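Understanding the architecture of this molecule
The lines below spell out each chain.
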Amino acid sequence: MEPTNRDEKFMTAALDEAKKAYLIGEVPIGAVIVKDNQIIGRGHNLREHLHDGVAHAEILAIEEACRYLRSWRLIDCELYVTIEPCLMCSGAIINSRISRVVYGARDPKAGAARSLYQVLEDSRLNHRVTVSEGILQTACSQIMKKFFKAARKRKKQK
């Protein structure tokens, strides 16, 4: 599926979520879930604040969308996330039946959509997800680079 201006609009919303994470010292990844051209779930990383290893942006957005729809099935929903989903999040995406994932930048160390694994499109699974990548890629990778550069600087100063 080719990227659209609509994709940029919703990726911008995901970037806004990533900025919220950045401002509170969390790894700046943001996600939104869209159904019928409306955002029904939002999330940004909160692992440090919640002391919860599964408090990834995608998981939090999925939980909010499920509450909104009052269903675990997110059929005909799209997830926009600034960084390629990890294995855990990819599993949650598949299990919640999300139709399409759009992400900004690849994650060469943990990406499970294209970088290390191609879980979302694996024909052996009972549900496959359409994947689009590279939407606002520069902005999505820049906020991560800025965050980790500052983290390395803080570590060096200690």
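Treat the numbers as computed from the prediction; the structure is a model and nothing was measured. (Residues numbered from 1 in each chain as written. Predicted model: local features only at pLDDT ≥ 70, side-chain atom pairs only at ≥ 80, totals over all residues. Heavy atoms only, no water.)

Topic: helix α5 (residues 137-157)
With 21 residues, α5 should reach 30 Å at 1.5 Å per residue; the first-to-last C-alpha distance of 30 Å fits that figure. By the burial criterion, the buried members of α5 are C140, S141, I143, M144 and F147. Along the axis of α5, the buried residues cluster in a sector spanning 155 degrees; they form a single face. In α5, those exposed residues whose orientation departs by more than 90 degrees from the buried face are T138, K145, K146, K149, R152, K153, K156 and Q157. Taken together, the buried residues of α5 touch α1 (5-23), β3 (77-83) and β4 (100-105). (Helix = DSSP H or I, 4+ residues; strand = E, 2+ residues; numbered from the N terminus. Expected span 1.5 Å × (residues − 1). Buried < 20%, exposed > 50% of the residue type's maximum accessible area, 1.4 Å probe, protein only. Arc of directions from axis to C-beta. Contact = heavy atoms within 4.5 Å.)

Considering a positive patch on the surface
A cluster of like positive charges, contributed by K109, K149, R152 and K153, occupies part of the molecular surface. Tracing the backbone through its elements, the reader meets R152 in helix α5. The exposed category is assigned to R152, whose relative accessible area is 55%. (Patch = residues over 30% accessible without salt bridge, like charges linked within 9 Å, V, L, I, M, F, W, Y side chains within 5 Å. Areas by Shrake-Rupley, 256 points an atom, 1.4 Å probe, with all protein chains shown as cover. Salt bridge = Lys/Arg side-chain N within 4 Å of Asp/Glu carboxyl O. Lys, Arg positive; Asp, Glu negative; His and termini not counted. Charge placed at Lys NZ, Arg CZ, Asp CG, Glu CD.)

Some points on the UniProt feature "binding site: Zn(2+)" (unreviewed entry) in the protein chain
Here, the residues flagged by UniProt with the feature "binding site: Zn(2+)" (unreviewed entry) are H56, C86 and C89. Spanning 34 residues, the named residues form one tight spatial group whose C-alpha atoms are at most 9.4 Å apart. For H56, the position within the fold is in the loop between α2 (47-50) and α3 (57-69). Exposure remark for H56: the relative accessible area of 14% places this residue in the buried category. In this structure, H56 is in contact with N45, R47, C86, M88 and C89, ignoring residues within four places of it in sequence. Take C89: it is sitting in helix α4 (residues 87-95). Of the residues examined, C89 reaches a relative accessible area of 0% and is grouped as buried. In contact with C89, not counting residues within four places along its chain, are H56, E58 and I59. (UniProt positions renumbered as here; feature names shortened; annotations may be inferred.)

Quick word on the UniProt feature "active site" (unreviewed entry) in the protein chain
UniProt records the feature "active site" (unreviewed entry) for E58 in the present numbering. For E58, a relative accessible area of 4% translates into the label buried. Setting aside residues up to four positions removed in sequence, E58 forms contacts with A31, L79, V81, I83, P85, C86 and C89.

Focus on the nonpolar core
Across soluble globular proteins, nonpolar side chains have a tendency to be buried as a group. Within the largest apolar cluster, 42 residues are counted, with the highest numbers of intra-cluster contacts made by I33 and V101. Listed by contribution, the elements that provide at least two residues to this core are α1, β1 (30-35), α3, β3, α4, β4 and α5. Of the residues forming this core, the biggest block, 6 residues, is contributed by α1. Once you skip the residues sitting within four places of it in the chain, V101 turns out to touch L79, V81, P85, I93, L120, V129, T130, V131 and S132. (Core = buried A, V, L, I, M, F, W, Y, C linked by side-chain atoms within 4.5 Å.)

A short note on the sheet that holds β1
Spatially, β2-β1-β3-β4-β5 is the arrangement adopted by the 5 strands of the open sheet, whose pairing is mixed. On the outer flanks of this sheet lie β2 (38-44) and β5 (130-133), each paired with one strand and no other. Direction aside, neighbouring strands of the sheet carry axes that sit 15 degrees apart on average. Looking at chain direction, β1 and β2 are connected through 6 bridges and run antiparallel. Bridge pairing in β2 links I33 to G41. α1 contacts β1, β2, β3 and β4 of the sheet and is inclined by roughly 55 degrees relative to β3. Against the sheet, α3 contacts β1, β2 and β3, and its axis sits at roughly 145 degrees relative to β2. (Pairing = 2+ DSSP bridges. Axes fitted to C-alpha atoms, helices over the stretch in contact; angles between N-to-C directions.)

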